[in-house]
Amino acid sequence: MGVLLMLMTIGGLLAATALLAISLYTNKRWLRNFVLGCVAIWFAFCAAMLLGYSFSSEERDLSLNEPKEYCGFYFDCHMHTAVTNVRRTKTIGNKTANGEFYVVTVRVFSNARKATLGFGGFKLNVIDANGRRYPHSTEVEKPEPWFTRPVPAGGSFEREVVFDLPVDVPNPRLDMHDEGGLVEKVLIDDEDS
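Residue numbering note: each chain is counted from 1, following its sequence as written. This being a predicted model, a pLDDT of at least 70 is required before a residue's local features are given, and a value of 80 or more before pairs of side-chain atoms are given or counted; all residues contribute to the totals for chains, interfaces and linings. Working from all heavy atoms in the structure, the side-chain values ignore hydrogens and water.

S.K.: Would you take a moment to explain the nonpolar core for this structure?
M.R.: Nonpolar side chains in soluble globular proteins tend to end up buried together. Core analysis: the biggest nonpolar cluster contains 20 residues, and Val 108, Phe 122, Leu 124, Phe 147, Phe 163, Leu 165 and Met 176 have the highest contact counts within it. When residues of this core are traced back to their parent elements, those giving at least two are β2 (79–92), β3 (95–110), β4 (122–127) and β6 (156–165). Filtering out sequence-adjacent residues up to four positions away, Phe 147 remains in contact with Val 106, Val 108, Phe 119, Phe 122, Leu 124, Phe 157, Arg 159 and Val 161. Nonpolar cores are built from buried Ala, Val, Leu, Ile, Met, Phe, Trp, Tyr and Cys residues. Side-chain atoms within 4.5 Å join them into one set. Classification of residues uses two cut-offs on accessible area relative to the type maximum, computed with a 1.4 Å probe and protein chains only: under 20% is buried, over 50% is exposed, and between them is partly exposed. Helix and strand assignments come from DSSP, with helices taken as H or I runs of at least 4 residues and strands as E runs of at least 2, each series counted from the N terminus. Contacts are residue-level and defined by heavy atoms, with any inter-residue pair within 4.5 Å sufficient.

See below:
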């Protein structure tokens with residue numbers, strides 16, 4: 001729905017620009033006021049929809065191997081991620097955790113039929129029950145390509161991400177999202193809006 005509203009907004013702005021130019025050229029105030037009024041009403045409607053969807057949305061925890069789909073500014077949702085394994089250890093190589101290392105295996109896959117797809121700017125954090133965020137421990141992770149590498153149609157890859165979490169961390173949850181762009185910050189019903 002967000003994409004359709006965005007396309008209607010772009011199309012409406014193009015039409016409004018043309019009508020506004022005509023109103024200025026022909027010096028018709030009623031047409032200028034009508035166009036500006038319609039644009040203001042449309043943007044008020046879009047702002048209300050964006051706020052309504054944002055405030056009524058709820059987070060949902062996914063189980064192990066349950067895929068999360070990413071739609072963004074696209075008509076279809078072909079990119080997915082899933083946590084396939086979580087293991088805990090005190091040491092990795094010669095590095096010792098301040099608390100405990102959580103080694104999370106994330107599978108990235110695409111169910112596209114033809115296109116090679118990828119993420120623009122993938123972010124991962126662990127969030128505990130108190131809302132505290134923990135970034136991943138890049139100094140301990142294997143030097144594998146990041147999640148933004150391209151995924152061929154029907155393809156997949158797995159990557160391990162390491163987090164150094166306190167031993168008594170309350171209810172740790174992995175937050176994964178594609179940063180997307182500016183458009184996705186205001187796209188109605190998008191995860192990043």
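S.K.: How should I be thinking about the sheet that holds β6 in this particular structure?
M.R.: Two orientations exist for strands paired in a sheet by backbone hydrogen bonds: parallel and antiparallel. DSSP bridges decide pairing: two strands pair if at least two such bridges lie between them. Read from one edge to the other, the open sheet built from four strands follows the order β1-β2-β3-β6, with strand pairing classed as antiparallel. Only two strands of the sheet have a single partner each, and these edge strands are β1 (68–70) and β6. When strand polarity is set aside, the average angle formed by the axes of neighbouring strands in this sheet is 30°. Pairing of β1 with β2 involves three bridges; the strand directions are antiparallel. Residue pairing for β2: Lys 68 is matched across the bridge by Thr 81. Between N-to-C directions, angles cover 0 to 180 degrees, with each direction set by a line fitted to C-alpha atoms, over the stretch in contact for helices.

S.K.: I'm lost on unusual backbone geometry in this one. Help?
M.R.: Negative phi is the rule for most residues except glycine; trans is the rule for most peptide bonds. Despite not being glycine, Asn 27 shows a phi value in the positive range, around 60°. Looking at the element boundaries, Asn 27 is found in the loop between α1 (2–26) and α2 (29–56). With a relative accessible area of 63%, Asn 27 lands in the exposed category.

S.K.: What is the right way to look at the sheet that holds strand β5 (residues 133–135) in this model?
M.R.: In space, the three strands of this open sheet follow the order β5-β4-β7, with antiparallel pairing throughout. Edge positions in the sheet fall to β5 and β7 (173–178), since each has one partner strand and no second. Taken over all neighbouring pairs, the strand axes of this sheet differ in orientation by 35° on average, direction set aside. Pairing of β4 with β7 involves six bridges; the strand directions are antiparallel. Its bridge partner being in β7, Leu 124 is matched across the sheet by Met 176.

S.K.: In this structure, what is going on with the side chain of Thr 105? I would like to understand it.
M.R.: By the secondary structure assignment, Thr 105 is in strand β3. The buried category is assigned to Thr 105, whose relative accessible area is 8%. Leave out the neighbours within four places in its chain, and Thr 105 touches Ala 82, Val 83, Thr 84, Asn 85, Glu 158, Arg 159 and Glu 160.

S.K.: Explanation requested: the pairing of β4 in the structure shown.
M.R.: In regular strands, side chains alternate between the two faces of the sheet. Most of β4 is tucked away, with five of its six residues classed as buried. Here three bridges tie β4 to β5, and the two strands are oriented antiparallel to one another. Each residue of the ladder has a partner; that of Asn 125, found in β5, is Pro 135. Between β4 and β5, which pair antiparallel and follow one another directly, the connecting turn spans five residues, one of which, Gly 131, has a positive phi of 85°.

S.K.: Could you clarify how one ought to interpret the side chain of Thr 9 in this entry?
M.R.: When you line up the elements, Thr 9 lands in helix α1. Assessed through its relative accessible area of 9%, Thr 9 is described here as buried. Whenever a nitrogen or oxygen atom comes within 3.5 Å of another N or O atom, the pair is scored as a polar contact, on the condition that within protein one atom can donate a hydrogen and the other can accept it, and that pairs from neighbouring residues in sequence are kept only if both atoms are in side chains. Within polar-contact distance, the side chain of Thr 9 engages the side chain of Trp 42 at 2.8 Å. Leaving out residues up to four positions away in the same chain, Thr 9 has contacts with Trp 42, Phe 43 and Cys 46.

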